[in-house]
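Fold and geometry: a report
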Amino acid sequence: MLPAGVWAQADQPLSPRATGELDIHHIDTGRGNTTLIVGPDGTLIMIDAGASLSAPATSSAARPDASLRPGQWAGRYARQYGDAVDIFVATHIHPDHIGDASDAMPISADGSYRLSGVSDVAGELPIRRLIDRDFPDYGDRPPPDAPFTRNYLAYLRARRTGGEAVETFEVGSNAQIGLNRSLAFPTFSVRNLAANGRVWSGQGKAVRDYLAGRPTGTPVDENVCSVALKLSYGAFSYFAGGDLIADTHDGRAPWRDIETPVARLAGRTEAAAANHHGYFDACGPAFVEALDAQVYVIQAWHATHPGQAQLQRMLGAWEGRTTADVFATDLLQANRDLNGRFVPQMKSTQGHVVIRVAADGASYRVFVLDSTQLPSPVKAVFGPYRCRTV
């Protein structure tokens, strides 16, 4: 049964995007985060391409199925909307965001890396520009020493050797990520808010380094280095912060909370992706208070996604009052049981979640698509939501 206020288009495809409309697709592959943004001019921007090899017992089923690798499915999904990914943004270097690595994965043509995640996307359609948090020199914030890291960095080096663009994320910039036809849609912009623990000051190119004060020799968690950005189009806005966290180990490590200053910098936002899949260490009080979003999307794929406090907080589920609409790409049964109090208040718990913004940037709808097949028919539609005056 569909929730009240929802109308379904059983077995009907998502209607074609009209010129000027903006689509944000949260793609459910069952293996991590993949977000495809289709700009008002058709520019394709992809954020992450997860391909986790986590244990099946605690992970979502592969979607649409296991006949292809997650990055291949993500690439084929993107091919429905264009012939190239114009900009790919890797928020940070974890398997569920850039791809895992194993000896079972095929080797690239030059023999330098395994095909997984982002490199699998590139096998389906070209990636014109790839933006990484700090490639090639990560300084005192190196990514984890792991097979997936070595494989991803080998892919980036191969791109550069082949003359393909690899860029460092420029904190504070509102020009690095844009449209191919930016002059035609002047109200579209993306502000780079944070990366590597460095958060834009709000003025010029100045940043504040929140990791500088950590104790000497303290290793840096890859999650706190996540890229964060805010997209704006007319009165609409959208926040994505990768796996930023707010957990300070009960005050013992205050420098780990990058989420709070980033959320406060972003300010009121129409829609937001939940940081770190809504895990127990993210989506803290300041995240919801500062963003005050009407719509939250949880890119969930594990039994621990989301935490109870995190889901309650995003819903605003106190005293029976729901203040936001929450969608998840998937909730495993174990999580449904854990969050039994709150799941009935969610708008969806499985499928691709697509936000479609009107050409005037004043309103938007949310579509839930059947992720067990490609093309993916519409299961439910929510809205329209009116963008609020900031």
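We now turn to the structure provided with this report. (Residues numbered from 1 in each chain as written. Predicted model: local features only at pLDDT ≥ 70, side-chain atom pairs only at ≥ 80, totals over all residues. Heavy atoms only, no water.)

**Overview of the packing of aromatic side chains**
According to the stated counting rule, one finds 9 aromatic pairs in the structure shown. Ring centres of tyrosine 77 and tyrosine 81 lie 5.9 Å apart, and the angle between their planes is 40°; on these two criteria the pair is classed as tilted. Taking the relative accessible area as the measure of exposure, tyrosine 81 reaches 26% and is therefore partly exposed. A ring pair is formed by tyrosine 113 and tyrosine 155, whose centres lie 5.2 Å apart and whose planes are at 70°; its orientation type is edge-to-face. Taken as a pair, tyrosine 113 in the loop between α2 (95-98) and α3 (118-124) and tyrosine 155 in helix α4 (residues 147-161) lie far apart in primary sequence, 42 residues in all. The two residues tyrosine 113 and tyrosine 155 agree in class, both being buried. An aromatic cluster of three or more residues is present, and its members are Phe236, Tyr364 and Tyr385. Just above the ring of phenylalanine 367 sits the side chain of arginine 356; from NZ or CZ to the centre is 5.9 Å. (Phe/Tyr/Trp six-rings, centres within 6.5 Å; stacked < 30°, edge-to-face > 60°. Buried < 20%, exposed > 50% of the residue type's maximum accessible area, 1.4 Å probe, protein only. Helix = DSSP H or I, 4+ residues; strand = E, 2+ residues; numbered from the N terminus. Lys NZ or Arg CZ within 6 Å of the ring centre and 35° of its normal.)

**Quick word on empty space enclosed by the protein**
Here the idea is plain: a probe the size of a water molecule rolls over the atoms and shows the empty space left. Following the criterion strictly, the structure yields 2 cavities of 30 Å³ or more and no others. When its volume is computed, the largest cavity comes out at roughly 80 Å³. Around the largest cavity sit 13 residues that line it, and Asn33, Ala240, Gly242, Ala273 and Gln299 are the ones nearest its centre. A per-class count over the lining of the largest cavity returns 5 nonpolar, 7 polar and 1 charged. Each pocket or cavity is described by its volume, and for the second largest cavity that value is around 60 Å³. Lining the second largest cavity, in full, are Ile27, Asp28, Thr29, Arg63, Pro64, Trp73, Ala74, Tyr77, His352, Gln373, Leu374 and Ser376. In terms of residues, the lining of the second largest cavity owes the most to one element, helix α1 (residues 70-79), which gives 3 residues. Partitioned by chemical class, the residues of the lining of the second largest cavity number 6 nonpolar, 4 polar and 2 charged. (1 Å grid on protein atoms, 1.4 Å probe; cavity = no way out; pocket = protein on both sides within 12 Å on 5 of 7 lines; lining within 4 Å. Points joined across faces, edges and corners; volume = space filled by probe spheres on them. Nonpolar A, V, L, I, M, F, W, Y, C, P; charged D, E, K, R; others polar.)

**Thoughts on the sheet that holds strand β6 (residues 165-168)**
Spatial strand order, β6-β5-β4-β3-β2-β1-β15-β16-β17: 9 strands in an open sheet with mixed pairing. Of all strands in the sheet, those bounded by a partner on one side alone are β6 and β17 (378-386). Strand-to-strand twist in this sheet, taken as the mean axis angle between neighbours without regard to direction, amounts to 20°. Taken together, the 6 bridges between strand β15 (residues 352-357) and strand β16 (residues 363-369) define a ladder with antiparallel strand orientation. Across the sheet, the residue bridging to valine 357 is tyrosine 364, located in β16. In the packing of α1 onto the sheet, the strands contacted are β1 (22-26), β2 (35-38), β3 (44-47), β15 and β16, and the crossing angle to β3 comes to about 155°. (Pairing = 2+ DSSP bridges. Axes fitted to C-alpha atoms, helices over the stretch in contact; angles between N-to-C directions. Contact = heavy atoms within 4.5 Å.)

**A word on α1**
Within an α-helix, residues lying three or four positions from one another point in the same direction, as the helix has 3.6 residues per turn. Counting buried residues in α1 gives 8 out of 10 residues, a clear majority hidden from the surface. Buried within α1 are the following residues: Pro70, Gly71, Gln72, Trp73, Ala74, Gly75, Tyr77 and Ala78. Among the structural elements, β1, β2, β3, α3, β15 and β16 are those in contact with the buried residues of α1.

**Some remarks on the sheet that holds strand β14 (residues 325-328)**
An order of β9-β8-β7-β10-β11-β12-β13-β14 is seen for the 8 strands of this open sheet, with the pairing classed as mixed. On the outer flanks of this sheet lie β9 (207-209) and β14, each paired with one strand and no other. Neighbour-to-neighbour, the strand axes of the sheet open up by a mean angle of 20°, direction not taken into account. Pairing of strand β10 (residues 228-233) with strand β11 (residues 236-240) involves 5 bridges; the strand directions are antiparallel. Bridging across to β11, serine 232 finds its partner in serine 237. Across the face of the sheet, helix α5 (residues 259-266) comes into contact with β7 (188-195), β8 (198-200), β10 and β11 while running at roughly 160° to β7.

**Re the pattern of salt bridges**
In this structure the tally under the stated criterion is 23 salt bridges. Between aspartate 28 and arginine 63 there is a salt bridge, and its shortest N-O distance comes to 3.3 Å. Of this pair, aspartate 28 sits in the loop between β1 and β2 while arginine 63 sits in the loop between β3 and α1, and the two are 35 residues apart along the sequence. Side by side, aspartate 28 and arginine 63 carry an identical accessibility label, which is buried. A salt bridge links glutamate 222 to arginine 133, with the shortest nitrogen-to-oxygen separation between them at 2.8 Å. Of this pair, glutamate 222 sits in the loop between β9 and β10 while arginine 133 sits in the loop between β5 (127-132) and α4; the two residues are 89 residues apart in sequence, bridging distant segments of the chain. The class of glutamate 222 is buried, set by a relative accessible area of 5%. (Salt bridge = Lys/Arg side-chain N within 4 Å of Asp/Glu carboxyl O.)

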